[in-house]
There are 2 protein chains.
Amino acid sequence: MNNLEYEKHYYPGTRAELIEKLRQSLSASPARFEHCLRVEQTAIQLAKINGCELELASVAGLVHDYAKERSADEFRKVIFQKAMDKNLLNWGNFIWHGEVGAEIIQDELQIDNQQILDAVRHHTVGAVHMTLLDKIIYVADYIEPGRDFPDVDFARNIAWKNLDDAVKFETKRTLQYLMENNRKIYPAAILTYNEWVAEN
Amino acid sequence: MNNLEYEKHYYPGTRAELIEKLRQSLSASPARFEHCLRVEQTAIQLAKINGCELELASVAGLVHDYAKERSADEFRKVIFQKAMDKNLLNWGNFIWHGEVGAEIIQDELQIDNQQILDAVRHHTVGAVHMTLLDKIIYVADYIEPGRDFPDVDFARNIAWKNLDDAVKFETKRTLQYLMENNRKIYPAAILTYNEWVAEN
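For clarity, every value in this text was computed on a predicted model and none was experimentally measured. (Residues numbered from 1 in each chain as written. Chains lettered and ligands numbered in written order. Predicted model: local features only at pLDDT ≥ 70, side-chain atom pairs only at ≥ 80, totals over all residues. Heavy atoms only, no water.)

## With respect to the pattern of salt bridges
Any two side chains of opposite charge can pair, given that their charged atoms come close. We count it as follows: Note on definitions: salt bridges are taken to be side-chain nitrogens of Lys or Arg within 4 Å of carboxyl oxygens of Asp or Glu. Strands are runs of DSSP state E lasting at least two residues, helices are runs of H or I lasting at least four, and both sets are numbered from the N terminus onward. Any residue under 20% of the maximum accessible area for its type is buried, any over 50% is exposed, and the rest in between are partly exposed; the area is computed with a 1.4 Å probe on protein chains only.
Taken as a whole and assessed by the stated rule, the structure comprises 32 salt bridges over all chains. Here Glu103(A) ties to Arg121(A) by a salt bridge, and the two come within 3.2 Å at their closest N and O atoms. Taken as a pair, Glu103(A) in helix α6 (residues 101-109) and Arg121(A) in helix α7 (residues 114-121) lie far apart in primary sequence, 18 residues in all. On the basis of relative accessibility, which here comes to 13%, the residue Glu103(A) falls in the buried class. Ionic pairing is found between Arg70(B) and Glu74(B), a salt bridge with its closest N-O pair at 2.9 Å. Relative accessible area serves as the criterion here: at 27%, Glu74(B) is assigned to the partly exposed category.

## What about helix α2 (residues 30-50) of chain A?
All names here are of chain A. Counted only if it meets this: Under the convention used throughout, the expected extent of a helix is 1.5 Å for every residue step, that is, one less than its residue count.
Its 21 residues give α2 an end-to-end C-alpha distance of 30 Å, which sits within 8% of 30 Å, the value for a rise of 1.5 Å per residue. Within α2, the full set of buried residues consists of Phe33, His35, Cys36, Leu37, Val39, Glu40, Gln41, Thr42, Ala43, Ile44, Leu46 and Ala47. Gly51 lies just past α2 and shows a positive phi near 70 degrees.

## Here we look at the nonpolar core
Filter applied, for reference: Joining through side-chain atoms within 4.5 Å is the link that ties buried Ala, Val, Leu, Ile, Met, Phe, Trp, Tyr and Cys residues into a set, and such a set is a nonpolar core. Contacts are assigned to residue pairs that have any heavy atoms within 4.5 Å of one another.
Formed by 142 residues in total, the largest nonpolar core has its most connected members in Val63(A) and Val63(B). Here Val63(A) is in contact with Leu18(A), Ile105(A), Leu109(A), Ile111(A), Ile116(A) and Val120(A), once residues within four sequence places are set aside.

## A look at the packing of helix α9 (residues 152-161) of chain A against helix α10 (residues 163-180) of chain A
Residue and element names in this part refer to chain A. For clarity, the threshold we go by: Angles shown run from 0 to 180 degrees and are taken between the N-to-C directions of axes, each axis being a line fitted to C-alpha atoms and, for helices, limited to the stretch in contact. When describing relative orientation, an angle under 35 degrees is termed roughly parallel and one over 145 degrees roughly antiparallel, while 65 to 115 degrees is termed roughly perpendicular and anything else oblique. In this count, Pro and Cys sit with the nonpolar residues alongside Ala, Val, Leu, Ile, Met, Phe, Trp and Tyr, while Asp, Glu, Lys and Arg are called charged and the others, Gly among them, polar.
Between α9 and α10, whose axes approach to 6 Å, the crossing angle comes to 150 degrees. Put simply, α9 runs roughly antiparallel to α10. Contact residues: α9 offers Phe154, Ala155, Ile158, Ala159 and Lys161, while α10 offers Leu163, Asp165, Ala166 and Phe169. Here the residues of the contact of α9 with α10 sort into seven nonpolar, no polar and two charged.

Written out as structure tokens, the structure reads:
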């Protein structure tokens, strides 16, 4: 376990206190809590390789799924309260815990750093424009050591070599998986694909 | 060859005159002209099975690619003249010959029937809401006897049994093909997929 001392006040407390907040928010799913700890560690490793500040990677990695256990009612309430795009109401937890989750994180954890909040917003379907931190959290979430799917080791090998290639691989494979299984696709995911994968 | 007598005045002339106009518009590509004749015949067969008026299927089948040989400059000019969505400018012939082509067809061929024009608009990437004629042209374009791709016979078998299943099959396979080949995907195609293919 990589025990960073928090110094930048992205979160107004210690890493141990943030982890305790996360444990409470994910109390219904210890497995998801453990996943967040693994994403944090993977994000820190990717941050070291790619020259990203480690504290940003730690905070964003820990909180990326902070709101994942909230009810549909709570997400809908936040969408109205924050006057977010009403089209979000047509989607579900998979989209909400990123886009809407960032608002909940800002309010409940007093995290105001926009890089961290954007990394949470973009961790599910990526974005046309992705910061280094966006890419690190998007990829760390995909390859953390607890993940097990065909080609996960291939994805990990790509990620340790080239973060952009990993974004491309993850985006394409995720869409292909959704399509093979006749799952709905969030239109913004295609904008990510057109930017990161498509060649013409 | 199924020689319909035109009676409804969707096109202000005979079928032979419309075919001559089409030949002129596609003079650079006799193969595309022949493709349009085959799409017409396939559309008429699908119309017979599915209870669609044959003259609609004939006119829409003939003209669906009427504007396909126009230059990018001509398409851009029409987009501006008709105050169409400027986002179209980010795309190319594959999208323009349907969406913008319908405007060219209306102006040059004096075809004002909205069912026919919509079928032209929707023949490349489908639409969330598709009329019977939309579906017939979308599918006829995919399975006409000159088409040759893996699974084309499978697609034909589906089409003769159930038009909606053929729309679903075509939509999914086309997107999968584009993705395998890292080709750009027009976002509206995902809306078609979410409506016709996705199950949750």
